[in-house]
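Next come the chains, spelled out residue by residue.
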There are 2 protein chains.
Amino acid sequence: MPAIDKYNSRVDKVNSLLCVGLDPDFEKLPERFKKLEHPQFEFNKWIIDQTVELVSAFKPNMGAYEARGGAGWRDLQMTMDYLRRNFPDVFTISDAKRGDIGYTNELYARAILDELGFDAVTLHPYLGQEALEPFLSRADKGCIILCRTSNPGASELQDLEFNGQKLWQIVAGRVSKDWNKNQNCMLVVGATYPMELAEVRKITGDMTFLVPGIGTQGGSVSQVMKAGLNSSGKGLVINSSKGIIFSSNPKAEAKKLRDEINQYRNV
Amino acid sequence: MPAIDKYNSRVDKVNSLLCVGLDPDFEKLPERFKKLEHPQFEFNKWIIDQTVELVSAFKPNMGAYEARGGAGWRDLQMTMDYLRRNFPDVFTISDAKRGDIGYTNELYARAILDELGFDAVTLHPYLGQEALEPFLSRADKGCIILCRTSNPGASELQDLEFNGQKLWQIVAGRVSKDWNKNQNCMLVVGATYPMELAEVRKITGDMTFLVPGIGTQGGSVSQVMKAGLNSSGKGLVINSSKGIIFSSNPKAEAKKLRDEINQYRNV
């Protein structure tokens, strides 16, 4: 099944555009998990079991696992195995932000899409379409290209203007017109830049966006929903990480955010 | 010791600008290594022992290890431990091409610079200086920012012109003027684009460049040397990966390339 169809089916099934970021920084884990043999996996399993019926996607942040080396990678693999075995219709995003020459991208695609078995991966656009072909050619997998990122300094390069078009506008245009021949491209557009989000929606039609930056980064749900929904009332994967997983009640936080999002969907 | 001083000391000691890329794609390893418990580590050790006296740097490509998951990560850790224990003055570069928001970059910096112990790491510029601070603030470590990459499709975004300046020229200027306050920045400039290399040299003064693309990608040593040397006859980390490590005689290939490079250095 094409990746975006898988995501949309899950959205309809659980009536949610929410993605929970599985960023289990070991230093921030509750003490009871730190002592276990597989602390990040056990923490993730606890989060997944509480929130899965409220979410359409989970997005592990690769940095949180790599910080623990081989042990972290094993916990990530166990997390992915757990998700695929128990909740195979939940969409999974590797927040890896990879982007290398084609030969190396083949290795990363093997690691992330095949060995770990993710449905989609976040990618840097800087090397261009040609370099990303090992990802773009995987019609069954989602390629989520960085367009306008959520960080405070995003404008430094992304706002550079070329013939009246900013770099993020050019990326949005290229990806939606040229890179998307397998209908498997998505874009990263930060919740912290709702005006840019509205503009990317205009440029790309009904393309689906991964939207980080809600919660601790300060993005507003109402602004994101007004700016970003597509014509079928979807088109957004709205991520929250630390605001949910490190809260005192992850299930309640996920439900609250899912419901707040749905207020703007007329569902 | 600042990272670039470490590199330059090694260049003087062994009279070499050569970097060997440790990209041990498991599928391409000689059969005798595939059967071992730590195939990538044992292969790397074999390459290191043959070539170390001819090289100033080794550059593991993270994708080659991640393709084997936790087992690959362990082999990489063993490789780094072996290098630091036996050849502590050799410069080590993690070819990771990372670049995320600041919070996640802290995790990647912990993984790559602290746990694995690399001297330097390759980074994407797309999120800007602010996001890269967890790397840039590490005065003892090298931050090697992608500027003009070696791949055939590099021009798609990197050649976009903003007020008469191409994106790679803007990146070169920003990194050398603003991002380099700790004197720990370097740039990636592909050997396959010698005219751009000459221009980046003009923009950045004596900055050191990591130059991939010699060998299987088709870059020319003579063009790189004429375009890229800095005023002290250094300023280049010239990488070759597959052309050396998968040749029938890695030591002879490394010596040949080291000597070819030195023809243009008057040393």
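## What about the overall build of chain A?
Here comes step 1: Within chain A, the regular secondary structure consists of 13 helices and ten strands.
Here comes step 2: Computed over its C-alpha atoms, the radius of gyration of chain A comes to 17 Å, within 12% of the 18 Å expected for a compact globule of 267 residues.
Here comes step 3: The dimensions of chain A, computed from C-alpha atoms along their principal axes, are 55 × 45 × 35 Å.
Here comes step 4: Counted over contacts in chain A with a minimum sequence separation of 6, partners at least 24 positions apart contribute 73%.

## Regarding the relation of the copies chain A and chain B
Here comes step 1: Of the transformation placing chain A onto chain B, the axial shift is 0.0 Å and the rotation is 180°, giving an RMSD of 0.0 Å. Here the transformation between the copies is reduced to the relation of a two-fold axis. When C-alpha positions in chain A are compared against the rotation axis, the closest is assigned to Gly 70 of chain A, at 2.1 Å.
Here comes step 2: Same-surface contact between copies: 100% of interface residues of chain A are shared with the interface of chain B.

## Thoughts on the sheet that holds strand S2 (residues 57-60) of chain A
Residues and elements named next belong to chain A.
Here comes step 1: Strands sit in the order S1-S2-S3-S4-S5-S8-S9-S10 around a closed barrel of eight strands; the barrel is parallel. Across this sheet, the average inter-strand angle for adjacent strands is 30°, counted without regard to direction.
Here comes step 2: Helix H10 (residues 194-204) contacts strand S5 (142-148), strand S8 (185-189) and strand S9 (209-211) of the sheet and is inclined by roughly 165° relative to S8.

## Digging into the interface of chain A and chain B
Here comes step 1: On the side of chain B, 45 residues touch chain A, which itself brings 45 residues to the contact.
Here comes step 2: When residues of the side of chain A that touches chain B are traced back to their parent elements, those giving at least two are helix H4 (62-66), helix H5 (69-86), strand S3 (91-98), helix H6 (102-115), helix H7 (128-136), helix H8 (155-158) and strand S6 (161-162) of chain A.
Here comes step 3: Looking at the side of chain A that touches chain B residue by residue, the classes come out as 18 nonpolar, 16 polar and eleven charged.

## Structural notes on unusual backbone geometry
All names here are of chain A.
Here comes step 1: Look at Gln 183: it is not a glycine, yet its phi comes out positive at around 55°.
Here comes step 2: Structurally, Gln 183 is set in the loop between helix H9 (167-179) and S8.
Here comes step 3: A count of 11 C-beta atoms within 10 Å places Gln 183 in the exposed class.

## Here we look at the pairing of strand S5 (residues 142-148) of chain B
Residues and elements named next belong to chain B.
Here comes step 1: Of all the seven residues making up S5, seven are buried; the element is thus mostly covered by neighbouring parts of the structure.
Here comes step 2: In the sheet, strand S4 (residues 120-123) pairs with S5 via four bridges, with the strands oriented parallel. What sits directly across from Val 121, in S5, is Cys 143.
Here comes step 3: This β-α-β element, S4 to helix H7 (residues 128-136) to S5, shows right-handed connectivity.
Here comes step 4: Two elements, S5 and strand S8 (residues 185-189), share five bridges in a ladder whose sense is parallel.

## Things to note about helix H1 (residues 3-14) of chain A
Residue and element names in this part refer to chain A.
Here comes step 1: Look at H1: 17 Å from first C-alpha to last across twelve residues, which is about the 16 Å you get at 1.5 Å a residue.
Here comes step 2: The complete set of buried residues in H1 reads Ala 3, Ile 4, Lys 6, Tyr 7 and Val 11. Along H1, the residues classed as buried sweep out an arc of 160° about the axis, all on the same side. Set apart from the buried face of H1 by more than 90 degrees, the exposed residues are Asp 5, Asp 12 and Lys 13.
Here comes step 3: Buried residues belonging to H1 abut S2, S3, strand S4 (120-123), S5 and strand S10 (236-240).
Here comes step 4: Of the residues trailing H1, Asn 15 is marked for its positive phi of about 55°.

## Section: the nonpolar core
Here comes step 1: Counting residues in hydrophobic clusters, the biggest one holds 170 residues, and the most contacted among them are Ile 144, Ile 145 and Leu 187 of chain A together with Ile 144, Ile 145 and Leu 187 of chain B.
Here comes step 2: In this structure Ile 144 of chain A touches Ile 93, Ala 120, Val 121, Thr 122, Leu 123, Met 186, Leu 187, Val 188 and Leu 210 of chain A, once residues within four positions along its chain are discounted.

## Here's the deal with the sheet that holds S4 of chain B
Residue and element names in this part refer to chain B.
Here comes step 1: Strand order in the closed barrel made by the eight strands is S1-S2-S3-S4-S5-S8-S9-S10, with parallel pairing throughout. Averaged over all neighbouring strand pairs, the angle between strand axes comes to 30°, with direction disregarded.
Here comes step 2: Summarising the sheet, strand S1 (residues 18-22) and strand S10 (residues 236-240) pair through three bridges and their orientation is parallel. Within the sheet, the bridge partner assigned to Val 20 lies in S10 and is Ser 240.
Here comes step 3: Those strands touched by helix H1 (residues 3-14) are strand S2 (57-60), strand S3 (91-98), S4, S5 and S10, and its axis lies near 130° from that of S3.

## Some thoughts on the pairing of S4 of chain B
Residue and element names in this part refer to chain B.
Here comes step 1: Neither face of S4 is open: one carries Ala 120 and Thr 122, the other Val 121 and Leu 123, and all of them are buried.
Here comes step 2: Pairing between S3 and S4: three bridges, direction parallel. Across the sheet, Arg 98 pairs through a bridge with Leu 123, a residue of S4.
Here comes step 3: With respect to chirality, the unit in which S3 leads through helix H6 (residues 102-115) into the neighbouring parallel S4 is right-handed.

## Brief notes about helix H13 (residues 250-262) of chain A
Here comes step 1: End to end, H13 of chain A covers 18 Å across 13 residues, agreeing with the expected 18 Å (1.5 Å per residue, within 8%).
Here comes step 2: Looking at the buried side of H13 of chain A, the elements it contacts are strand S1 (18-22), helix H3 (39-51), helix H11 (221-228), S10 and helix H12 (242-245) of chain A.

## Brief notes about the confidence of the model for chain A
Here comes step 1: With 100% of its residues at a pLDDT of 70 or more, chain A shows a mean pLDDT of 97.
Here comes step 2: For this predicted complex, the interface score ipTM comes out at 0.97, while the overall pTM is 0.98.

## Here's the deal with the packing of H6 of chain B against H7 of chain B
Residue and element names in this part refer to chain B.
Here comes step 1: Here H6 crosses H7 at 25°, and the two axes come no closer than 8 Å. Here H7 runs roughly parallel to H6, going by the angle between their axes. The way H6 lies across H7 gives a crossing that is right-handed. On the side of H6, the interface is formed by Gly 102, Asn 105, Glu 106 and Ala 109, while H7 contributes Glu 130, Ala 131, Leu 132, Glu 133, Pro 134 and Phe 135.
Here comes step 2: Across the contact of H6 with H7, the residue classes tally to five nonpolar, two polar and three charged.

## Structural notes on the environment of Glu 66 of chain A
Here comes step 1: Tracing the chain through its elements places Glu 66 of chain A in helix H4.
Here comes step 2: It is 10 Å that separates the C-alpha atoms of Glu 66 of chain A and Ala 96 of chain A, two residues lying 30 residues apart in sequence.
Here comes step 3: Setting aside chain neighbours within four positions, we find Glu 66 of chain A in contact with Gly 72 of chain A together with Tyr 108 and Ala 111 of chain B.

The rules behind the values
- By convention here, each chain's residues receive numbers from 1 onward along its written sequence.
- Chains carry letters from A onward and ligands carry numbers from 1 onward, assigned in written order.
- Selection of residues for local features in this predicted model requires a pLDDT of at least 70, selection of side-chain atom pairs for listing and counting requires 80 or more, and totals for whole chains, interfaces and linings are taken over all residues.
- Helix and strand labels come from DSSP, where a helix needs a run of H or I of at least four residues and a strand needs a run of E of at least two; each type is numbered from the N terminus.
- As defined in this context, the radius of gyration uses C-alpha atoms, and a globule is described by 2.2 Å times the residue total to the power 0.38.
- What counts as a contact is two residues whose backbone-derived C-beta atoms lie within 7 Å of each other.
- Fitting of the copies onto one another was done by least squares over C-alpha atoms, counting residues only where both copies have pLDDT of at least 70.
- At least two bridges found by DSSP between two strands are what make those strands a pair.
- All axes are obtained by fitting lines to C-alpha atoms, using only the stretch in contact for helices, and the reported angles, taken between N-to-C directions, cover 0 to 180 degrees.
- Just so you know the grouping, Ala, Val, Leu, Ile, Met, Phe, Trp, Tyr, Cys and Pro go in nonpolar, Asp, Glu, Lys and Arg go in charged, and all remaining residues, Gly too, go in polar.
- Think of it as a crowd count around each C-beta: if 20 or more other C-beta atoms lie within 10 Å the residue is buried, if 12 or fewer it is exposed, and in between it is partly exposed, with C-beta placed from the backbone throughout.
- By convention, a crossover is right-handed whenever its connection, traced from the first strand over the helix to the second and viewed with the strands pointing away, goes clockwise.
- An expected span of 1.5 Å times one less than the residue number is assigned to each helix.
- Directions are taken from the helix axis to each C-beta atom, and the arc is the one they span.
- To count as a nonpolar core, a set of buried Ala, Val, Leu, Ile, Met, Phe, Trp, Tyr and Cys residues must be joined through C-beta atoms within 7 Å.
- Known as pLDDT, the predictor's confidence for each residue is given on a scale from 0 to 100.
- Should an angle fall under 35 degrees it is called roughly parallel, over 145 degrees roughly antiparallel, and 65 to 115 degrees roughly perpendicular, with every other angle called oblique.
- In this scheme, a crossing is called left-handed if the near helix is turned counterclockwise away from the far one by less than a right angle; it is called right-handed if the turn is clockwise.

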